[in-house]
Amino acid sequence: MNDMTTISRTQREYSEAAKAFLARKPQLFINNEWVDSSHDAVIEVEDPSNGRIVGHVVDASDKDVDRAVAAARAAFDDGRWSNLPPMVRDRTMNRLADLLEANADLFAELEAIDNGKPKGMAGAVDIPGAISQLRFMAGWASKVAGETTQPYTMPNGTVFSYTVKEPVGVCAQIVPWNFPLLMASLKIAPALAAGCTLVLKPAEQTSLTALKLADLVVEAGFPAGVINIITGNGHTAGDRMVKHPDVDKVAFTGSTEIGKLINRNATTTLKRVTLELGGKSPVVVMPDVDVAQTAPGVAGAIFFNAGQVCVAGSRLYAHRSVFDSVLEGMTQTAPFWAPRPSLDPEAHMGPLVSKEQHDRVMGYIEAGKRDGASVVMGGDCPSADGGYYVNPTILADVNPQMSVVREEIFGPVVVAQRFDDLDEVAKMANDTCFGLGAGVWTRDVAVMHKLASKIKSGTVWGNCHALIDTALPFGGYKESGLGREQGRAGIDAYLETKTVIIQM
């Protein structure tokens, strides 16, 4: 990895459009208007590529949250969105997607500045993914339907019974910092298609693209109060949203620890809750693989987005016969994944999102070393002027009791272990409190299906990793969450079912 020392880690200059956006006065988007906060508290916007403060956003007060929820409540209760023809909701959502597509380059740049991910990656993954969420769910606006049912205990013709699907109401949506705009769209789109209104709070570390999205809401034609976007800290603004009596549903993506807290707080009023939480995803490599193809795929499973992915393939189980060659193949990808500033066109991996996250990841690496793990690759930080960079890291000689094996690191760190047979590796893969994602690499279709059935995980990938599609449900087993997003399950999470029985 010596050649990595020659990489320049000086952040590129921002575009004029990005500079202008960053210079804007910190405000909140409520009732289709940019409004001032009730107090002067702000949160710094930091570029993790160099650690510099580049702007500020509002740290919303309780009064700010109440104002946003009141706007969403009024918009829901008078039906200005839910009572529109589904065709109109569909078209409005598609207009928002079109506007996002027209401004895709700026959104990718803002995401790169704010989160640290390479602009090229944001432009190829995050922004198109957000657009797809809006377009796919827009189609569901016209396809939500109930059914007529013949009762079981009553004679035919004595009653007319049917079900209808109705929007759940006002939604509090709290999204993480690893895929800011994509996660926001993942929450917004099904809520809008169902006829709900919402208050969205992006992560305090990465609020820029959500605020920029608000610029497009009025232009797309959404009625006032349907989409409200506020910024603020999770323990204050987020907590107020979760506990608010006028909120009917909470949707959260983030850590399992915070998800459990949100679930407890939501039970006071039995709010509907969906939670997409942490993971420690196993990646199983069988002995029949083509290592030359598999090793780069396994590396990408953990180093993509600097490992800041809920389904990152952070536990590698390679068959004893290919273990050494798989690790050797992964080490050869080090130059490709060498961390660079987010606006560097050569970047495939950027810095971690913050100093806090950088220190957390390095703390885990040091703990792994103390516990006896050996460093096969990385394990250190490249020289940089203020950025939060960590080199892609492989740890071997680990055991299931180590914190690096059991806990979610959320960084570019994979722990590698050997196995000998199918039943053994299935048991190892399931030895976790998480169950969000898993990967299996093999040429044997029977083995693929056997492992897919044995592994307790919301998604199992075969010969790939972290492929997400808007039509396919996504969520976790065990402590990785509650409910599902995307697909039909995604919109069902924003609907209530009402039964109507009429005696004839």
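Cut-offs applied
Residues numbered from 1 in each chain as written. Predicted model: local features only at pLDDT ≥ 70, side-chain atom pairs only at ≥ 80, totals over all residues. Heavy atoms only, no water. Helix = DSSP H or I, 4+ residues; strand = E, 2+ residues; numbered from the N terminus. Rg over C-alpha atoms; globule rule 2.2 N^0.38 Å. Buried < 20%, exposed > 50% of the residue type's maximum accessible area, 1.4 Å probe, protein only. Contact = heavy atoms within 4.5 Å. Salt bridge = Lys/Arg side-chain N within 4 Å of Asp/Glu carboxyl O. Axes fitted to C-alpha atoms, helices over the stretch in contact; angles between N-to-C directions. Parallel < 35°, antiparallel > 145°, perpendicular 65-115°, else oblique. Nonpolar A, V, L, I, M, F, W, Y, C, P; charged D, E, K, R; others polar. 1 Å grid on protein atoms, 1.4 Å probe; cavity = no way out; pocket = protein on both sides within 12 Å on 5 of 7 lines; lining within 4 Å. Points joined across faces, edges and corners; volume = space filled by probe spheres on them. Domains from an automatic or database assignment. Patch = residues over 30% accessible without salt bridge, like charges linked within 9 Å, V, L, I, M, F, W, Y side chains within 5 Å. Areas by Shrake-Rupley, 256 points an atom, 1.4 Å probe, with all protein chains shown as cover. UniProt positions renumbered as here; feature names shortened; annotations may be inferred. Expected span 1.5 Å × (residues − 1). Pairing = 2+ DSSP bridges. Phe/Tyr/Trp six-rings, centres within 6.5 Å; stacked < 30°, edge-to-face > 60°. Lys NZ or Arg CZ within 6 Å of the ring centre and 35° of its normal.

Caption draft 1: Highlighting the overall build of the protein chain. Scanning the protein chain from N- to C-terminus turns up 17 helices and 19 strands. On C-alpha atoms alone, the protein chain measures out to a radius of gyration of 24 Å, which is about the 23 Å that the 2.2 N^0.38 rule sets for 504 residues. Taking the principal axes of its C-alpha atoms as reference, the protein chain extends roughly 75 × 60 × 40 Å. A burial count over the protein chain gives 58% of its 504 residues as buried. For the protein chain, restricting intrachain contacts to residue pairs at least 6 apart in sequence, the fraction spanning at least 24 positions comes to 73%.

Caption draft 2: Representation of the pattern of salt bridges. Under the criterion given, the structure shown has 28 salt bridges. In this structure, arginine 240 engages aspartate 66 in a salt bridge whose closest nitrogen and oxygen atoms are separated by 2.7 Å. One end of the pair, arginine 240, is in helix α8 (residues 234-243); the other, aspartate 66, is in helix α2 (residues 62-77), and 174 residues separate them in sequence. Salt-bridge contacts for aspartate 420 lead to arginine 320; the nearest nitrogen and oxygen are separated by 2.9 Å. Here aspartate 420 is found in the loop between β15 (413-419) and α15 (422-429), whereas its partner arginine 320 is found in the loop between β12 (315-319) and α11 (323-331), with 100 residues between them in sequence. Shared partners join several salt bridges into a network, and the residues in it are Arg12, Arg340 and Asp344.

Caption draft 3: Structural view of the packing of helix α4 (residues 104-115) against helix α7 (residues 208-220). For the pair α4 and α7, the least separation of the axes is 9 Å and the interaxial angle reads 155°. In this view, α4 runs roughly antiparallel relative to α7, as classed from their interaxial angle. Of the residues in α7, those in contact with Leu106, Phe107, Leu110, Glu111 and Asp114 of α4 are Leu208, Thr209, Lys212, Leu213 and Leu216. Considered class by class, the residues forming the contact of α4 with α7 number six nonpolar, one polar and three charged.

Caption draft 4: Representation of the layout of surface pockets within the structure. For the largest pocket, the calculated volume is near 1,100 Å³. What lines the largest pocket is a set of 39 residues, among which Trp177, Phe252, Gly254, Ser255 and Ile258 lie closest to the centre. The set of elements that each furnish at least two residues to the lining of the largest pocket consists of α8, β9 (249-253), α9 (256-266) and α13 (355-370). Looking at the lining of the largest pocket, its residues break down into 17 nonpolar, 13 polar and nine charged. Here the lining of the largest pocket spans two domains, and each of domain 1 (17-277 + 480-501) and domain 2 (282-462) adds at least three residues to it.

Caption draft 5: Region of the structure containing a nonpolar patch on the surface. A contiguous nonpolar patch, built from Phe160, Ile502 and Met504 and spanning about 320 Å² of accessible area, is present on the exposed surface. Tracing the backbone shows methionine 504 in the segment after β19 (495-503). You can call methionine 504 exposed: its relative accessible area is 66%.

Caption draft 6: Focus on the UniProt feature "active site" (unreviewed entry) in the protein chain. Here the UniProt feature "active site" (unreviewed entry) sits at Glu276. Residue contacts for glutamate 276: discarding those within four places in its chain leaves Phe252, Thr253, Gly254, Cys310, Leu436, Phe474, Ser480 and Glu485.

Caption draft 7: Structural detail: α7. End to end, α7 covers 19 Å across 13 residues, agreeing with the expected 18 Å (1.5 Å per residue, within 8%). Burial runs high along α7: 10 of the 13 residues are buried. Within α7, burial applies to Leu208, Thr209, Ala210, Leu211, Lys212, Leu213, Ala214, Leu216, Val217 and Ala220. Phi turns positive one or two residues past the end of α7, at glycine 221, with a value near 105°.

Caption draft 8: Structural context of the environment of aspartate 380. For aspartate 380, the position within the fold is in the loop between β13 (374-377) and β14 (393-396). Sequence separation of aspartate 380 and glutamate 366 is 14 residues, and the distance between their C-alpha atoms is 9.4 Å. In this view, aspartate 380 contacts Met362, Val390, Asn391 and Thr393; residues no more than four positions away in its chain are not counted.

Caption draft 9: Focus on the sheet that holds β12. Spatially, the seven strands line up as an open sheet ordered β13-β14-β15-β12-β11-β16-β17, and their pairing is mixed. Taken across any chain shown, the strands that pair with only one partner, and hence form the sheet edges, are β13 and β17 (459-462). Pairs of neighbouring strands in the sheet enclose a mean axial angle of 25°, with direction left out of account. Against the sheet, α11 touches β11 (282-285), β12, β13, β14 and β15, its axis set at about 160° to β15.

Caption draft 10: Examining the packing of aromatic side chains more closely. Applying the stated rule across the entire model yields seven aromatic pairs. An aromatic cluster of three or more residues is present, and its members are Phe303, Phe336 and Trp337. A cation over an aromatic ring shows up here: arginine 9 above the ring of tyrosine 389, its NZ or CZ 5.7 Å from the ring centre. A cation sits over an aromatic face here: lysine 249 above tyrosine 494, 4.7 Å from the ring centre.

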